[in-house]
Amino acid sequence: MAVSFELIKQCSKTGARAGKLYTPHGVFETPIFMPVGTQATVKAMTPDELKAMGAGIILSNTYHLFLRPGHELVAEAGGLHGFMHWDRGILTDSGGFQVFSLGSLRKISEEGVAFRSHIDGSKQFLSPEKATEVQMALGADIIMAFDECVPYPAEYDYARQSTERTTRWAERCKRAHARKDQALFGIIQGGMYKELRTASVRDLVSLDFPGYAIGGLSVGEPKPLMYEMLEHTVPQLPARKPRYLMGVGTPDCLVEGVMYGIDMFDCVFPTRVARNGTAMTASGRLVVKNAEFARDFRPLDMDCDCYTCRNFSRAYIRHLLKSEEILGLRLTTIHNLHFLLRFMGKMRQAIMEDRFPAFRQEFWDKYQGH
Ligand SMILES: CNc1nc2c(CCNC[C@]34C[C@H]5C[C@H](C[C@H](C5)C3)C4)c3nc(N)[nH]c(=O)c3cc2[nH]1
Ligand SMILES: [Zn+2]
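Model, not experiment: these values are computed from the prediction.

Peer 1: Can you break down the nonpolar core residue by residue, with the values?
Peer 2: Membership of the largest hydrophobic core comes to 80 residues, with the highest contact counts inside it found for L230, F265, M347 and F356. Counting contributing residues per domain, this core is built from domain 1 (4-266) and domain 2 (267-361), each supplying no fewer than three. Discounting chain neighbours no more than four positions away, the residues touching L230 are I214, L217, P235, L245, G257, Y260 and I262. Counting 19 residues, the second largest nonpolar core, distinct from the first, contains F28, I57, A183 and M264.

Next comes the structure, spelled out in structure tokens:
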């Protein structure tokens, strides 16, 4: 088994659970937050810095790497692990999501998706077989089935047709997948329709994947609606297999996702907002670029022990960001990733000590949005 999951501790009152994810590149504790590296790098971070802060699995992407530098080149470099000098876990998304959110002039058919590259406008085509071939060449430990992320909102009939096609595409990916050292995860769709979510779970579970992602959420829907879909869908997934909620990563969504029984998360948020000078703290966001911090010589987050918070002040980081100094976005990225990785560790600890409900209540008492 390329990837297996061990359920270590189930919370007695909620769906939260602590586990271990065994991969060819190491064993990782769950719940886990996976930093995102769009173009084979977690922006502004070196692999050693990522290791030092405890990153275990990082994300990369079929769509971007297929277009540039091309999956054949990455394969020649020894796959993504060799290319980016990262010897821990890697997960690649299948490119479907990006084709819809980045590519232009796209056309979906049963065969796959025709689109124009956002880099040079060239005509491109991704099919389940092609997306699987690219991900085999990139060599990630976990790869994703090629799916359509049902947009929000979507008519019932569109959501049904799209979800049924995604299931047929998942079967084609499974047939095309020929690397025993890689795990192919299925992606649950169904839009915001409970009966379609149930049908998607039933169909994909019958294809017996080693893990399942919940797709089609965090696409602009109100958070209560996302939670309602999670509450309905997650318990229907096999308990002994990992569950990955795609594209979710603000602290409030992480706590709720863990409560419903999600094990894996990814989100561009911590690295993206770092680049525009926003730090994540236990009480919410701090826009360190704001003038109010010009003479504030305290660390970003009083109770953070990261390299940034141990050595630099808000005033200094603000100065760097205002002067567009590269160190500015490096320091905020270090803090945000450290903050989220540590946050996941605290949740896991609370689950292990069977006090997750209290942890969650404490979090909501302190949290003021974002
Ligand atoms: C934000 N909300 C959201 N995201 C989603 C993603 C992408 C997950 N992140 C991977 C990704 C996406 C981009 C940005 C980085 C690097 C690389 C390209 C891979 C993360 C999704 N991906 C797939 N295949 N299917 C979904 O339904 C889906 C739904 C999402 N809802
Ligand atoms: Zn910090």
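Peer 1: Could you give me a rundown of the packing of aromatic side chains, with the residues and numbers involved?
Peer 2: Considering all chains together, one arrives at 14 aromatic pairs under this definition. Arranged with centres 5.6 Å apart and planes meeting at 40 degrees, the rings of Y63 and F115 form a pair that is tilted. Taken together, the residues span a long stretch of sequence, with Y63 in helix α2 (residues 62-67) and F115 in strand β8 (residues 113-116) at a distance of 52 residues. Grouping residues by exposure puts Y63 and F115 together as buried.

Peer 1: An account of the UniProt feature "binding site: substrate" (unreviewed entry) in the chain is requested, with residue identities and associated values reported.
Peer 2: What UniProt calls "binding site: substrate" (unreviewed entry) maps, in this numbering, to D93, S94, G95, G96, F97, D147, Q189 and G216. Examined against the element boundaries, G96 turns out to sit in helix α5 (residues 96-101). Residue classification places G96 among the buried positions, given a relative accessible area of 0%. Apart from the residues within four sequence positions on either side, G96 is in contact with F146 and D147. For Q189, the location among the structural elements is in the loop between β11 (183-188) and α8 (194-206). By relative accessible area, Q189 is classed as buried at 0%.

Peer 1: Tell me about the site of ligand 1, and name the residues and values.
Peer 2: In the vicinity of ligand 1 there are 22 residues, among which D93, D147, G216, L217 and S218 approach most closely. In the model, an oxygen atom of ligand 1 is placed 2.8 Å from a nitrogen or oxygen of the G216 main chain. Measuring from a nitrogen atom of ligand 1, one finds a backbone N or O atom of S218 at 2.8 Å. Among the secondary structure elements, those contributing two or more residues to the shell around ligand 1 are β5 (57-61) and α5. Partitioning the shell around ligand 1 into residue classes produces 9 nonpolar, 10 polar and 3 charged.

Peer 1: Give me the lowdown on the pairing of strand β3 (residues 26-30), citing residues and values where you can.
Peer 2: Inspection of the sheet shows strand β2 (residues 17-23) paired to β3 by 5 bridges, in the antiparallel sense. Bridge pairing links Y22 to V27 in β3. Between the antiparallel neighbours β2 and β3 lie 2 residues.

Peer 1: Go over the coordination of the zinc ion (ligand 2) with me, naming the residues and quoting the values.
Peer 2: Summarising the metal site, the zinc ion (ligand 2) is bound by the protein donors C304 (SG), C306 (SG), C309 (SG) and H335 (ND1), whose distances to it range over 2.1 to 2.3 Å. On the accessibility criterion, C306 (2% relative accessible area) is buried.

Peer 1: Please set out the packing of helix α14 (residues 326-352) against helix α15 (residues 356-366) residue by residue, giving values where relevant.
Peer 2: It is at 7 Å that the axes of α14 and α15 come closest, and there the two elements cross at 140 degrees. In terms of their interaxial angle, α14 and α15 are classed as oblique. Each of F343, K346, M347, A350 and I351 in α14 lies in contact with α15, whose residues at this interface are F356, F359 and F363. Partitioned by chemical class, the residues of the contact of α14 with α15 number 7 nonpolar, no polar and 1 charged.

Criteria and cut-off values
Residues numbered from 1 in each chain as written. Chains lettered and ligands numbered in written order. Predicted model: local features only at pLDDT ≥ 70, side-chain atom pairs only at ≥ 80, totals over all residues. Heavy atoms only, no water. Core = buried A, V, L, I, M, F, W, Y, C linked by side-chain atoms within 4.5 Å. Buried < 20%, exposed > 50% of the residue type's maximum accessible area, 1.4 Å probe, protein only. Domains from an automatic or database assignment. Contact = heavy atoms within 4.5 Å. Phe/Tyr/Trp six-rings, centres within 6.5 Å; stacked < 30°, edge-to-face > 60°. Helix = DSSP H or I, 4+ residues; strand = E, 2+ residues; numbered from the N terminus. UniProt positions renumbered as here; feature names shortened; annotations may be inferred. Near = heavy atom within 4 Å. Polar contact = N/O pair within 3.5 Å; in protein donor to acceptor, adjacent residues only side chain to side chain. Nonpolar A, V, L, I, M, F, W, Y, C, P; charged D, E, K, R; others polar. Pairing = 2+ DSSP bridges. Donors = N, O, S within 2.8 Å, 3.2 Å for Na, K, Ca; no water. Axes fitted to C-alpha atoms, helices over the stretch in contact; angles between N-to-C directions. Parallel < 35°, antiparallel > 145°, perpendicular 65-115°, else oblique.

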